[in-house]
Amino acid sequence: MAKPTIEWRGHVAYLSWSESGKRWRRSAGKISSGAAEKIRSAKEAELEHGVRILPRLPTVRAYLETYFDWYDAEHPTTGGKLRSECKRFIDRFGHRHIDKVKPKEVEDWKTERLSDDEAAPETVGKEIRRLKTAFKRGIELEVLDFNPVAKVKAPRGVRDVAVEFYSVEDLTALYEANPARAAIWRFMANTGIRRGEFAKACKADVAEYGKEKRIRIESLSPRIRTKSGKRREVPLNASALSALAELPNKFVKCHADTLSDWFTEDAEAAKIGGTLHRLRHTFCAHLAMAGVPLRRIQKFAGHADYKTTEMYAHLCPTGGMSEVQKINL
């Protein structure tokens, strides 16, 4: 039997071993060499005697610290926000080994956040979705084998204000504020493409169907196709085709966070405010106002949950007596 070994990546220790013909690796977090050796010895004894000596590693805090390091490299401008959204969970469970945190405990914590802390459902929902993503990545990379929040449902709040979107006049001001980047914003406004999808898109993703062209939105990573986990295609209208002609083969060579920074600059210059995500709202809102069925909008936007698309229902053309007169049951 091959003995377990400790591998180091910077200050993070990883425990590696073979079991049932398969190679395993688990993060032990940022620990000392002495602590790492104790973990290795305990695992060796566990394999030899068939009894689990220690709970699976790492602790919640140790794992999330390594996840934060990875996130900082991938999303250099939003790491602070991620830490803030995970802080309360770490305060409660950070010292616990991940496999010892039961879903019922997380449910109780969620209820406490909503009731005792009086946190908004949208806030708690975002916290839980952030945690789901963090632990899911650990499982995909085979450094974890348990997700303590996998069975916990993220609450969704009821929006009490209409979704904000840009008018045609707002968009014109945006395009004129920085002509060098106008094609980027025109394409995004006319396709509803997410910033991460756009950052990875290129002209090879455009397919022709007779006289119609569509952008095929395939994948954000080798494992995840889109945010909703599904492929989708969006028809390109005249404005999107015009913008496409001005874009290079690889639409942009920058990080998605950089796109957001660029948009903030141009939106401020155009005096229209808002964030890059508002272009996506604009796409959906104008489709709704044009009478496109909500189910079609859901498909074009790639919303996993129909409730998300229902935010635009109030913008659909309203029907009254004239609509009812069309039927005579």
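This is a predicted model, so every value here is computed, not measured.

About the thresholds
- Residues numbered from 1 in each chain as written.
- Predicted model: local features only at pLDDT ≥ 70, side-chain atom pairs only at ≥ 80, totals over all residues.
- Heavy atoms only, no water.
- 1 Å grid on protein atoms, 1.4 Å probe; cavity = no way out; pocket = protein on both sides within 12 Å on 5 of 7 lines; lining within 4 Å.
- Points joined across faces, edges and corners; volume = space filled by probe spheres on them.
- Helix = DSSP H or I, 4+ residues; strand = E, 2+ residues; numbered from the N terminus.
- Nonpolar A, V, L, I, M, F, W, Y, C, P; charged D, E, K, R; others polar.
- Phe/Tyr/Trp six-rings, centres within 6.5 Å; stacked < 30°, edge-to-face > 60°.
- Buried < 20%, exposed > 50% of the residue type's maximum accessible area, 1.4 Å probe, protein only.
- Lys NZ or Arg CZ within 6 Å of the ring centre and 35° of its normal.
- Core = buried A, V, L, I, M, F, W, Y, C linked by side-chain atoms within 4.5 Å.
- Contact = heavy atoms within 4.5 Å.

*Asks:* Tell me about the layout of surface pockets, residues and numbers included.
*Replies:* Any empty space left between the atoms is revealed when a probe the size of a water molecule rolls over them. What the second largest pocket holds in volume is close to 280 Å³. Element by element, the count of residues in the lining of the second largest pocket is highest for helix H2 (residues 60-74), at five residues. Residues of the lining of the second largest pocket, tallied by class, amount to seven nonpolar, three polar and four charged.

*Asks:* Summarise the packing of aromatic side chains; cite the residues concerned and give the values.
*Replies:* In total, this model carries 14 aromatic pairs according to the counting rule given. A centroid spacing of 5.2 Å and a plane angle of 90° characterise the contact between Trp 185 and Phe 263, whose relative ring orientation is edge-to-face. Residue Trp 185 is found in helix H7 (residues 182-191), and its partner Phe 263 is found in helix H10 (residues 256-270); the two are separated by 78 residues along the sequence. Taken individually, Trp 185 and Phe 263 each receive the classification buried, so the pair is uniform in this respect. A ring pair is formed by Phe 187 and Phe 251, whose centres lie 5.3 Å apart and whose planes are at 65°; its orientation type is edge-to-face. With Phe 187 in helix H7 and Phe 251 in the loop between helix H9 (238-246) and H10, this pair connects stretches of sequence that are 64 residues apart. For Phe 187, a relative accessible area of 0% corresponds to the buried category. Here a set of aromatic residues connected by ring pairs shows up, and it is made of Tyr 63, Tyr 67, Trp 70, Tyr 71, Phe 89, Phe 93, Trp 109 and Phe 135. The side chain of Arg 9 reaches across the aromatic face of Tyr 14, ending 5.3 Å from its centre. Between the NZ or CZ atom of Lys 22 and the centre of the ring of Trp 24, over which it lies, the distance is 4.8 Å.

*Asks:* Describe the nonpolar core, with residues and values.
*Replies:* In terms of nonpolar packing, the biggest core is built from 47 residues, with Trp 185, Phe 187, Phe 198 and Leu 279 touching the most fellow members. Of all the secondary structure elements, the ones that give two or more residues to this core are helix H6 (168-177), H7, helix H8 (195-200), strand E5 (212-217), H9, H10, helix H11 (277-289) and helix H12 (294-301). Looking at this core element by element, the count peaks at seven residues for H7. Not counting chain neighbours up to four residues away, the residues in contact with Phe 198 comprise Ile 184, Phe 187, Met 188, Ile 193, Leu 247, Phe 251, Val 252 and Leu 259. Counting 28 residues, the second largest nonpolar core, distinct from the first, contains Tyr 63, Tyr 71, Ile 90 and Val 106.

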